[in-house]
Each structure stands twice: as C-alpha cells, then as structure tokens.
Amino acid sequence: MKIGVFVCHCGTNISHTVDVEEVAKAAAKLPNVHFATTYKYMCSSPGQALIADSIKEKGLDRIVVSACSPSLHEKTFRKCLEEAGINPYLVEMANIREHCSWVHSDRAQATKKAIELVKLSVAKVSRSKPLSKSFIPIEKRVLVIGGGISGIQAALDVSFAKFPVVMVEKEPSIGGKMAKFDKTFPTLDCAACILTPKMVGVAQNKYVTMHTFSEVVEVSGHVGDFTVKIKKKARSVDLKKCTGCGACYAKCPVKVTSEFDEGLGKRKAIYVPFPQAVPNVPVIDRNACLWFTKKTCGLCKKVCAIGAIDYDQEDEIIEEKFGAIIVATGFKQFDHSVYGEYGYGKFKDVVTGMHFERMANSSGPTGGKIVRPSDGKEALDVVFIQCVGSRDEQKGVPYCSRVCCMYTAKHATLLREHNKNAQAYVFYIDVRAAGKNYEEFVKKAQDEYGAVYLRGRVSRVFEKGGKLIVRGADTLSGSQIEIKADLVVLANGLIAQDDATTIAQMLHIQYDKNRLFTEAHPKLAPVETITSGIFLTGACQSPKDIPDTVATASAASVKALGLMVHDKLEKDPLVARTNNDLCSGCKACYLACPYSAIEMVEIEDRKLKRKRMVSRVIEGVCAGCGNCTAVCRMGAIDVEGFTNRQIMRQIEAL
Amino acid sequence: MKYAYYPGCSLHSTAKEYDLSTKEVASALGIELVEIPGWACCGATPAHLTVQSLSIALPVKNLLQAKNMDAGDVVTCCAACFSRLKIANHFMETETEKRKEVEGIVGERYEGEVKARHFLEVLTKDLGLDKLKTKVAKELKGLKVACYYGCLLTRPKGVTGIDDLEDPRLLDDLMGTIGVEAVKWPYKTECCGASFSLSKTEIVLKLSGDILEMASDEGAEAIVVACPLCQSNLDLRQGMINKKLKKSFDIPIFYFTQLVALSLGIAPGKLGFDKHMVNPVKLLKKKGIIA
Amino acid sequence: MKWFVSQDVIKAPIQDILERGSGQKVRRCYQCGKCSAGCPMSFKMEHLPNQIIRMIQLGMEKEVLSSQTIWLCASCLACTARCPREIDIAEIMDFLRRRAYLKRVKPKLDAKVLLFNKVFLWNVEWFGRLYEIALIGMFNMFSLEFFKDFSIAPKMFLMRKIGLFPALKINRKEIREIFKRSHKVGLDQKDK
C-alpha cells in the first residue's frame, strides 16, 4: 500500500493559519504513506497534474487530499484518480480549511489539528475498497398526479417531448380549481377561455392517458422504476361508449347541491360537473342516485340510446410502471367555519372568494349576478375581508397565501363591472402585489373601480335587519369603521389538501408543519423532492397563482424529461449493504430509513436450514445517509465508503 | 435685451435693496428693465388660500398690462411673485374651460402668452455665464456662501421649475462665475416658513433657524438668496432667532444681485447694504471685497 | 380610536368634489407618508398631511375643514414635488382652505392665518399693492398682539423699508372690480 498525501495551501486560506509544510512533513511519517507534498491550489489543473504524475511516477495507490470540504472538490479528485488509472473511490479528503484554518487563529494549534485530521484520513483510506458505480434502467413514462392547470401544463410539456404521460385526477373532470374561476388577474381574461383549450389538448394528445375519477393508491420502487397502483372509481358510465349527448342528466329527477358551484347551484345525481368538462362523460353520484339508494328509477339507463350507463361497474385497480412522478395535487380553500367573529360559516351572505367566482361567472348559478345568497337580491355594498386563515396563527396558518390580495382586487373590479352602483370595501393588512403588472392592477381597482381600501382586520360581522354589520378599523386614519353590507366576501387562504399527508407518505416525500410538500432545496431545487425522480408543481408545495403554477409545471416537466432522455441512471456506489449472515431481521434499519430504501425479504438460511427475514437495501432509493448503520445492533448493515471498519480505524488513529 | 419689469410689493418696501441692486446690475449689463406701469399685487399666498379665481386674475391682470406695453417677457425678482405669475400662466394655458371665467374677470382674452421670468434666469440663461464672466471687474475671492433657493424657484416641476428640483445649481454656478465659493449644503430648498412671517412667527423662527444653523455648520459665512421673503425671514428675524434658540448667528443674507453688482465694480453705496438687519459690511471688509 | 366612520361618511361627496374642483385624484394615494416625512410643518400638525388625505378618502369633510393642519401648510410644495403618485398635495391643501373659507369653517384652535389672509387681501383690495404699515397695524390690532414686532418695526422704518404712504398711480377701481368679480366666480368651489 502506497498512500500519497497532498496538502493544499488554498492560496493563503489555509497556509495563513496552518503550516502546510509542517503538515506534509508529519504526513510523510504516517504508516503506509509513501509520499507527501504541498501545492498552492490542489484543485487547479497543475495541482491535479501533480497528483496524477505522482501516482504514475511513485506508484501510489491511495490518495489523501488535505484541502477543503469534500462537498466542494471530492468529485474533482475522484475524476483525477480515475484518469490517472486508479479506482476513484480510493481518495479521502481531510478538510483543513472549513474545519481548521477558517475557524482557528492560533497557528501552532491549528497546524497540530490539521496533522490530526490528515492522520484520520490516512487511517480511513487505508481501509478503503475499490467501488464501482451502479446503473439503474429508466422506465420512459411519466405519471402526473392531479389534473388541474398544474398537472395539465406538466402533461402537455412532457408529451411535447414525445414521452408517454399518465394523468390521474380524482374528480370526474380535469380542470381543477381554475375551471371554477370567472376571470384571471391581472389581465381579466376569462379563465375558461384560456384553460379549456389546454384541457382539450390533453384529451386529444396521443401521448397522454387520462384517468379521471381515479386515485393513486400505492407507490413503490424508485427513480426510473416506480410501480404505481391506480384506483379507477366506478363511474357507472362507460367512458368508451358515452357520446356526451346529455340525455341522461336531462331526465334525471334527483337534484342535489353542486360541488362545482360551491353549493350555490344544483346538479343532478348523474352529472357532468360543468359544461366544458373533459372528458365530457357523466358520472353517477351513487349516494344520491335513486337506483343505488332505493333500486328505483333507472331513467338514465332507459334514455341512453347507446347503452353507456352501467350500474354494475365496479372500482378497478390498475398497475403501471413509471420512471418519474410529477405531483400536482393542488390546494384546498381554507374553511372559515372556525371564525366565530365572521359567523362560523353560518351566515348565508358571508361567502368565500370561490363563491364570488361562481357568482361572477355568466354560466354560474346566478347567471353572472353578484347577489345575496339569502334572498337573491343584488348586492350593492360588498365588504371584502382579506387574510382569512392566512397570517393567523390562532385560527389558521402562519403564512401568506400570496394570491388573495390579487383575487380580491379582481373581485372588487368585477363587482363594479357587474353593477355600476355597487361599492366594494376591502379590509386589508398589507397589499401584496409583487408580480408583473400586479401593483398596477390593484391600483386600478382603487383608482378606476372606486374600491375603498381600509387598512385593518375586521373584528366582527353580525346580522341585523337583513344586513351584515361589519365592524373594522382603518389604522391609517385611526378610525373605527362600520359598514352595513349586503354581502361579505372572505379572502380565504390556500391550504394543503386534506389527504396531503397520505399522499406524501405514499410517495416518501417530505411535508412541512402546514402539510405542504417540501422541496429539496428552497432556492436551488424548488421543484425537486428529496426523493429522486419525484417532482413538485403548483400549490401543493406552497400557495401559487396561475403564472407561478404554470412555471413550476414546466420546470418539473424539464426535470422529469431530464431523466427520460437517459437509458440508465448512474448511481454512486456509496449506499448501504446488508450482510445477511449477521442480520437478525429486527427491522430497526427498515424503520429508521427516511427514504424507505430498505425492504424486508425472506431468505433461505442454509446453516439453520430454514427460511428467515433479512433486510435488503434498494440501491436506487438509498441516499447513503447512514441511519441504518447507526441503529443496527448487529453491525450487519454498512454504508460503502463509510464502513464500520473505516470509522473504527479512524478512531484508533486518534 | 429688454424686459417688462414686475418688482412686486416687497421690492418696493422690505426688499428695496434687492430692487436697487437689480437695477444696477441690469444697467451695467445692458439689460433694459421697463417697470410695468400701475402694476398691482399678485395676491401672494393669501389669495390662493382664499379664492382661486382671485389668485389667477391678479397675476393675469399684471401680465396683460405687460402685454400691452410690448416690452417682451415679464421679469421679476421675487420668487413668490414669480411662482404666482407662472402658476397663472400655466392655468390659463391648460384649463381651457376655467380660463374663460378668468377672462371674464379681467375683461380681456388671455392664454398665457406673456412669459414670466425670474431675474436669475435672465442672468444665467438669457445673458449667460460666459458673457457675464467677461464683464466681471473684480472676482469676490475668499467669500464662502450657502446658496439658498427656497421653495418656489424650483417647485412645482413643470410650472415654475427653472432648475433641478432637489439640487438646483443656478445660484451656485452664478456665484462661481463671480469668484464666490458656494459651499455644499443640504438645505438649498428647505422651507423658511415664508408666508407665516407675521401670522405664525414662532414657526418661522424654527424653520429659518434650522437653515441658518445648517449653513453655518457647513462653513458658510453668508447666505445668498433670490427671494425677498427668504431674505426677510433670515435677515430680519435673525435677531429673534438668536434670542429664541439661544444662538449667536451673525450671518449676512445677500441678494445675489448685490454680489453680482460688487463683482461688476458697482459702488457698494448704491446697493442698499445699510438696509440689512445683519450688517454685511463687516464681512465684506474683512474679506477685502470693499474698502 | 379618534373617529367612528360608517359607509355614509365614506360615500360622502367630498372626494369627488375635491377631484372635480382641484383635479387631484385623492383615490390614488397609497399612504406611503412621503408628504408627511418631508413636510417642514409636520412638527406642529395634529393630523399629518397623509392623514388629511386619508380622511378625505374616508369622506371626513367636517374634520378636515376644521383641522389646524390645513392652515399650517406653508405651500412650500415639497410634498407635491416628491409624491410618487403624482398628487399635488399642496393644491389639495389650497382647495381645502378655500372651501373652509367659503363654508366659513374656522380651525378649532388658531385662526390667525385666516385673519392675516383677510387683512392682506383687504389691503390689496383697497391700495392695489401691499401697504405694510396698514397691514402690520391691522393684523396686530385684530390679533390683539399690539406690540408684536415692536422691536424691529422702528428700525425698519428708519431704514425706509416700510413707507409712510400707500403707492399711487394704480387704477384701484379696476383692482376692486377684479376682487368683486373673483369672489363671485370662485372657479374651483362650484360644489356645495
């Protein structure tokens, strides 16, 4: 064994505090060290050449680079070794910069510590083994979970590169929340007009397979090779046969409140949620349908000329394989029923922004009139309350929902457009309009549409004499404000979907204390998750408006496509490995693994002549974090490159 | 160069020395100033705080008077009069509907065609500093002054604005031309309290006191102004300021025309230095500018 | 809280009246406070300039017209010059003072500025130009500060800074006529 030690000056970053020559001299005396030297910048080309030449000339077989953090230059030196003809995993870095020169000032002591650090690295590298990279084959298909604007954009972007996409949407139609909106800020173009072409684009795309009224129920495997079970809920209508003629729901005698219209309108028991639904195929609400509840009626089946109605349809589970997954599960509007001061959600004329969207929509339940749900009269004095649920640590979430300032400004504008005599009063804490043309849009609502902005939260809303009395404040003038309103519109914040944690656990991705999915890095990896091959887009990661959602959808698509274009994925060999002879099958590692990279398998023990359980590492998933090694009482599981033998040798060398 | 001269009330009373020195400078430089016969008060601040039509009609009346004498642009030395004349002109140019009502009051058609100028502009722009330099008989070396523009010379932009809003330079450049050192200081356009001189004297004492203090902190030995209201607040009230703020400011307040006149070699006796409350002669003698 | 404001107040017409009369769009103000930050008179005001604008936005005409603030504005135009929303705040102050004059609303505490304006304009109306002795004399008499500026007046007189007699050679009849007609026209105060 011939170890070479290369000590870097790092300009003066190291040499200013550490006597590098002294370190090299001391290193030369360590066991197995054949050669030790210093250089100004070891990472530079001449520095690397020095290492390569020394390997060849002096026959070195293991290298210690005593320089900076391995997170910066370990890759550089591995490459250098590989090119010089020895295994790239036979290099160790002693971090004498971040761990020594930058944090100490006493030169003698720092030099002493640097020598110790080099000693440890020499000890470790002496027990290093040559390792080789592994490769993971990639299944060239992408799964998109969620069929809102986010999922739609992602699916379209992936399909444009001609890779197959499967979209899973739990509602009967794709379109998501955006399909419910009337207009979009800051341009006020009609939401349907810009969304429906994209929905149709998905439906007509030969690379995209849509599963609506379906849910992902199980995910296993790892990047490049995910196995996913999808539950296709019984629609009771044959997707292939149905022509969308509408005869069934025209005849259906059962009326229930429409979820799509936020309870403001009615739908039938067999229904399409909205006229532009994709696919334009109805679904039977089995909880409301007379056939399913009382075994009577059956009218829809009778009127369907092509026999598309199928009462016997059952939930079906299909299994498919994917190389990457894009999570686009969206958000849920905050439920304001916790706000007693705003009527616990019981005042009919206290509605949410989503209700306002449906009312403003000309094909909505009020035909485009802004009315009081209690008596159907047009609303003249309308109070908008911002930050409902948002920025409220007591009753809601601590964060700002980002879109409410803008949609409220839009509502105030639409109110005036729908009724010249109506007056909007907006109670706000701050107006956050940091987007292109956003500030201008809010100012326009005030300047041209006469919205009165009052700076303060509303303390209380109560009903009196058919009106809503709104008590608020305007801190700018120091006044208490009282408005007798016809309608109060709450700007409810955006929160995680109810099943967000279930989905996160299924996908092995992280979520924060607000149940929003966590990105791999808040700045530099905003659409990745810590689980390789799974990407985030839209409001499931944090509240986003449409432009931001679409941008992250395209970003996530690029990330997925980056995998799709490879046939196989290179994988660092620094992963955990189980020694079956030592493993007792206690499952400690299985439970400790944050990546779900460990599975329990049955093996045939020849000595004991019986079958027993042992743990097995799924190499593709393992990130080499070492949790498993730390919890294994048997010492049966080891991380390559950081084996127990290497660590013990380091401790002995101290 | 010929102008219709609108002195304004102050130059005929509290600011007589401004009137005297302006006329001396003008005649030395061959600028003909023809006083508008029978000119009346511009209405000043009290008019625009009371009745808008009056605040426009009074200046318009004077501008019309000048129009009829056909002596070119109207030139004034008072920043307040200048501001009222400019605002009236701007109003008559832009408010096409309301203009008719003002025309009804003054009994004549007027669309802001008579230009109003400040004498500072006449010297620095119409005549030009290069030309002025050739006429300088004696540079006033050694004198360090703070050039104080006040509110109305530069504001509002697009109406009176003869110079940069936040860092005007005309007076500084003019002083440079005649050899006076203009110190850098941040209060060039702060308010002296102008119109409150009589009604809220205590406010003037504070605001003008702040200006005197800043000028003195920044090393100025005197302040140069282009407005009779600024001058009277800083000069006339300096004794009271000293008493109230327990200070001992002794800062002469010059009209720019007085210093220009000295540089042109005009006898100090003609420039009304005896009309200053804070005696400027002491400083001028110390610097060897006058004997 | 200083005030109680209902929507009847918010819907009061002062904002529109002011916009029509002065051309200033008060709605545009986003309350950044830059006007108050640079106002040389802020230190004396009970409501800062931005608060006056806010009060107009909320329709509080009565409170604004009777406030001391509008009479403390020195018309220095610093606010107007620096307003990021291009609102001529000084013009708004002028408008409010003219409206207060028309509606005979006096500030609660100190009406000396009004008195000065009145005396000044009488002076101009009668003499065509300022007649300082009459101005100072009348103002001191009506403000009951008989000996104000007693220390500097004689000195000024000796320096001939103030003359004994009013200026002649002015067509005073014409000036008085302008005053009479101007009071009738008013220009910006057409709304009641």
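What comes next concerns the included structure. Just so we're clear, the structure is a prediction, and the values are computed from it rather than from any experiment.

### What about the nonpolar core?
Judged by nonpolar contacts, the single largest core of 121 residues is most densely connected at Phe119(B), Leu123(B), Met175(B), Ile223(B) and Phe256(B). Apart from residues no more than four positions distant in its own chain, Met175(B) is found in contact with Val145(B), Cys147(B), Val180(B), Val224(B), Phe256(B) and Leu259(B). Counting 96 residues, the second-largest nonpolar core is a separate cluster that includes Ile318(A), Tyr339(A), Met55(C) and Ile56(C).

### Overview of helix H4 (residues 52-69) of chain B
The end-to-end C-alpha distance of H4(B) is 27 Å, a good match for the 26 Å that 18 residues give at a rise of 1.5 Å each. Of all 18 residues that make up H4(B), 14 are buried, and the element is covered over most of its length.

### Describing the interface of chain C and chain A
Of the residues lining the interface, 18 residues belong to chain C; the matching set on chain A comes to 23 residues. Contact between chain C and chain A buries roughly 1,800 Å² in total, counting both sides, with carbon and sulfur atoms accounting for 54%. The interface formed by chain C and chain A includes 4 salt bridges. The residue Asp447(A) makes a salt bridge to Arg85(C) at a minimum N-O spacing of 3.0 Å. For the pair chain C and chain A, the interface holds 12 residue pairs in polar contact (both at pLDDT 80 or more). Sorting the residues of the side of chain C that touches chain A by element identifies strand S1 (3-6), helix H1 (7-10) and helix H4 (49-57) of chain C as the ones contributing at least two each. Considering every element that reaches the side of chain C that touches chain A, the biggest residue donor is S1(C), with 4 residues. A per-class count over the side of chain C that touches chain A returns 8 nonpolar, 4 polar and 6 charged.

### Some remarks on the interface of chain B and chain C
Taken together, the 61 residues of chain B in the interface contact 59 residues of chain C. Buried surface at the junction of chain B and chain C, summed over both partners, amounts to about 5,400 Å²; 65% is from carbon and sulfur atoms. At the junction of chain B with chain C, the criterion picks out 4 salt bridges. Ionic pairing is found between Glu166(B) and Arg82(C), a salt bridge with its closest N-O pair at 2.7 Å. Counting across the interface, chain B meets chain C through 14 residue pairs in polar contact (both at pLDDT 80 or more).

Thresholds applied
Residues numbered from 1 in each chain as written. Chains lettered and ligands numbered in written order. Predicted model: local features only at pLDDT ≥ 70, side-chain atom pairs only at ≥ 80, totals over all residues. Heavy atoms only, no water. Core = buried A, V, L, I, M, F, W, Y, C linked by side-chain atoms within 4.5 Å. Buried < 20%, exposed > 50% of the residue type's maximum accessible area, 1.4 Å probe, protein only. Contact = heavy atoms within 4.5 Å. Helix = DSSP H or I, 4+ residues; strand = E, 2+ residues; numbered from the N terminus. Expected span 1.5 Å × (residues − 1). Buried area = accessible area lost by both parts, 1.4 Å probe. Salt bridge = Lys/Arg side-chain N within 4 Å of Asp/Glu carboxyl O. Polar contact = N/O pair within 3.5 Å; in protein donor to acceptor, adjacent residues only side chain to side chain. Nonpolar A, V, L, I, M, F, W, Y, C, P; charged D, E, K, R; others polar.

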